[in-house]
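Analysis of the macromolecular model
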Amino acid sequence: MKQRRPVVAANWKMYKTPQEGRAYVDELGIKGLDLEGVDIILCVPYTSLLLIGESLENGEVEVGAQNMHWAHDGAYTGEISPRMIKSSGAGWVILGHSERRHIFGEMDEEIVRKIRSALDHDLSPIICIGETLQERRNGETLSVLRRQLGPVMETLSHEDMDRAIVAYEPVWAIGTGVNATPAQVQEAHGNVRKLVAHRFPAVAGSQRIIYGGSVNPDNAGELMEVEGVDGFLVGGASLTVDSFIKIIRAVQACHKNGT
Ligand code: PGA
């Protein structure tokens, strides 16, 4: 089985002007970011994509967007197309984030369409899925994960799935300071991997599944030890260089063998 390379993705959300983003990247360089054994993706606001991409040109840190429209281009005032994101130098795009689903009303069907379009435009998707607190309390976690991921996978090839990252992000853990427990994360990641295996038996073992929801320097080590966790999608704690670097170090310090 191919060893799964850990990944730490920052989700800056609607924070940081291009100038502030640039200062962050400069600070990352000054503090000597060590990329040994880990992939780093900075998912930044649209207005920073080009500048951050250029600032990182010689490094191995990758850049991603946080959303996109599904159309190649068109009369969609205020929207951003996959072609624009790609030509800004980004290689990744977060799709299906719970803030898109719950604040902006994005539906499963629309997210499926966006993921298909991202891949058609040579962008790798970070596919976010996760249950609300009510759904967890109702015992619906697995059915929610199946509902969110199943239709996406129907439209993907093995190669598509192989280049995607799945982010398990329980809605109740995002931005709340309450992370899911290691046991909850292990169960959810195990179930997601089974869902992937059902559709793509050859891909499941190497599929990267990351956790997101109140990850910080204090809990990253413990969460990274959890079987089936291949890294993190980090919101709040990615906004300062020091805490982001500490999370990266916690991931590097955890030596797993692809289980
Ligand atoms: P958080 O956000 O780390 O601030 O909880 C995670 C996310 O929204 O991806």
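For the structure itself, look to the data block above.
Parameters at a glance
- Residues numbered from 1 in each chain as written.
- Predicted model: local features only at pLDDT ≥ 70, side-chain atom pairs only at ≥ 80, totals over all residues.
- Heavy atoms only, no water.
- Core = buried A, V, L, I, M, F, W, Y, C linked by side-chain atoms within 4.5 Å.
- Buried < 20%, exposed > 50% of the residue type's maximum accessible area, 1.4 Å probe, protein only.
- Helix = DSSP H or I, 4+ residues; strand = E, 2+ residues; numbered from the N terminus.
- Contact = heavy atoms within 4.5 Å.
- Pairing = 2+ DSSP bridges.
- Right-handed = clockwise from strand over helix to strand, strands pointing away.
- Near = heavy atom within 4 Å.
- Polar contact = N/O pair within 3.5 Å; in protein donor to acceptor, adjacent residues only side chain to side chain.
- Nonpolar A, V, L, I, M, F, W, Y, C, P; charged D, E, K, R; others polar.
- Salt bridge = Lys/Arg side-chain N within 4 Å of Asp/Glu carboxyl O.

Attention shifts here to the nonpolar core. Ranked by size, the top nonpolar core spans 69 residues in total, and within it V8, I40, L42, L149, Y211 and F232 carry the most contacts. When residues of this core are assigned to their parent elements, the largest contribution, seven residues, is made by helix α11 (residues 241-253). Discounting residues that sit within four places of it in the chain, V8 has contacts with V38, D39, I40, I41, F232, V234, F244, I247, I248 and V251. Counting residues in hydrophobic clusters, the runner-up holds twelve residues, among them V7, I41, I126 and I165.

What follows is about unusual backbone geometry. With a phi close to 65°, D122 is a non-glycine residue in the positive phi region. Looking at the element boundaries, D122 is found in the loop between α5 (108-120) and β5 (124-129). One non-glycine residue, S214, adopts positive backbone phi at about 60°. Relative to the helices and strands, S214 resides in the loop between β7 (208-212) and α10 (220-224).

Here we take up the pairing of strand β1 (residues 7-11). Taken residue by residue, a regular strand's side chains alternate between the two faces of the sheet. Counted residue by residue, β1 has five buried out of five residues, so it is predominantly covered. Of the two faces of β1, the one carrying V7, A9 and N11 and the one carrying V8 and A10 are both buried. Pairing geometry for β1 and strand β2 (residues 39-43), over five bridges, is parallel. Looking at the pairing, A9 lines up with I41 of β2. Handedness of the β-α-β unit built from β1, helix α1 (residues 18-30) and β2 comes out right-handed. Across four bridges, β1 lies against strand β8 (residues 231-234) in parallel orientation. If you follow A9 over to β8, its bridge partner there is L233.

Before going further, it helps to examine the site of the ligand. Close to the ligand lie 13 residues, the nearest being K13, H97, E169, G175 and S214. At 2.8 Å from an oxygen atom of the ligand is found a side-chain nitrogen or oxygen belonging to K13. Here G235 contributes a backbone N or O atom positioned 2.8 Å from an oxygen atom of the ligand. Residue composition of the shell around the ligand, grouped by class: four nonpolar, seven polar and two charged.

Using the criterion set out here, one finds 16 salt bridges in the structure. Across the pair E99 and K13 runs a salt bridge whose closest N-O atoms are separated by 2.8 Å. Separated by 86 residues along the polypeptide, E99 in helix α4 (residues 98-102) and K13 in the loop between β1 and α1 bring together distant segments of the chain. In this structure K13 comes out as buried when scored by relative accessible area, which is 18%. A salt bridge links R22 to D26; its shortest N-O distance comes to 3.5 Å. Within this pair, R22 and its partner D26 are both found in helix α1, separated by four residues, close to a single helical turn. Judged by relative accessible area, D26 falls into the partly exposed class, the value being 37%. Bridged by salt links that share partners, the residues R4, R193 and D230 form one connected network.

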